[in-house]
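One-letter residues, chain by chain:
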Amino acid sequence: MIADPAPALLTERFAAQSVIEELLAVQALVPPRSRLRRIFGASPLNDASWPWYKGALGEITVGRILAGLGPEWLVLHAVPVGSDWSDIDHVLVGPAGVFTLNTKNHADQSIWVAGQTLMVSGKKQRHLYNAAHEAARASKLLSTAAGAAVEVTGVVVIVEPRRLTVREKPRQVMVLSERQLLGFLQRRHPVLNAEQVHGIAAAAMQPRTWHTKPTARGNPDELKRNFAALRDLVDQARRRRVAWALGVPAVGVLMLTGGQWGAAIMHALTNR
């Protein structure tokens, strides 16, 4: 019998890998667009795949920002944790400490934070609770693996908010926009020496530190290619909608005449 291959180190995983895997699985169930819908720029995404796509873009954005940290930092992405399909978006180990980042893509939305409450466009969300839970979980797992107590700070990273208002800082986690993230990490005073960073990082990059049944790595290159192809289709559809939007008066004429083409165009223009 051939033993299962050992899972690769977590340093091999890329930003948004888990989200992209789920996105592509969901997207595979979406019916192909008709020729008419393609012409008028209807998105290839549907209501089920859109949140995964948006989440992937957010994690990719944060991953690109984290690449600006120096070599003294270990940066992990899409860390599988527990016994199911849960993951931690980003785990950081460096002189300034250990951090888990929970990335949320709330582009063009207003974020309001006061104590234990975080609201997105007036609706309360569980982002603070989830980030605190991730940090506590990471602290326990890393402490066990490293053989010493490891303190972990949870951070909620909001990507491209219209406005981020923090009236009262949460007690357990930090809330930052993606633009604030790099400066926040670089300005913090060192709390770990080089030996401590090395020891925690060595434990953090091992899949078995985090997951009860880590599996061998899939094909990240194929995932990246398939996501890039989907992203090209989404961008192409958006450009076509913009082009049609420039001809909205003409579309209006078609709608007034009750034409089927006008209705199809308007549907495409209102799609994502």
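Just above, that's the structure.
What you see is a predicted model, and the numbers here were worked out from it, not measured in a lab.

**With respect to the sheet that holds strand 4 (residues 110–114)**
Then, in step 1: Taken in spatial order, the four strands make up an open sheet running 6-5-4-8, and their pairing is mixed. What marks the edges here is a single partner per strand, and that holds for strand 6 (123–125) and strand 8 (163–168). Looking at each pair of strands side by side, their axes are set apart by 25° on average, direction ignored.

**Let's talk about the pairing of strand 7 (residues 152–159)**
Then, in step 1: Counting buried positions over the eight residues of strand 7 gives eight, a clear majority of the element.
Then, in step 2: Side chains of strand 7 alternate between two faces, with Val152, Gly154, Val156 and Ile158 and Thr153, Val155, Val157 and Val159 buried alike.
Then, in step 3: Bridge count between strand 3 (residues 97–105) and strand 7: eight bridges; the pairing is parallel. The partner of Lys104 across the bridge, within strand 7, is Ile158.
Then, in step 4: The pairing of strand 7 with strand 9 (residues 173–177) spans five bridges and is parallel. By the bridge assignment, Val155 is partnered in strand 9 with Met174.

Rules and cut-offs
- Once a new chain begins, its residue numbering starts again from 1 and follows that chain's sequence as written.
- At least 70 in pLDDT is required for a residue's local features to be given in this predicted model, at least 80 for side-chain atom pairs to be given and counted, and no such filter applies to totals for whole chains, interfaces and linings, which use all residues.
- Computation of side-chain values: all heavy atoms of the structure, hydrogens and water removed.
- When DSSP finds two or more bridges between two strands, those strands count as paired.
- Under the DSSP-based scheme used, a helix requires at least four consecutive residues in state H or I and a strand at least two consecutive residues in state E, with every element numbered from the N terminus.
- For every element, the axis is a line fit to its C-alpha atoms; helices are fit only across the contacting stretch, and the angle between N-to-C directions ranges from 0 to 180 degrees.
- Under the scheme applied here, a residue whose accessible area is under 20% of the maximum for its type counts as buried, over 50% as exposed, and between as partly exposed, the area being computed with a 1.4 Å probe on protein chains only.

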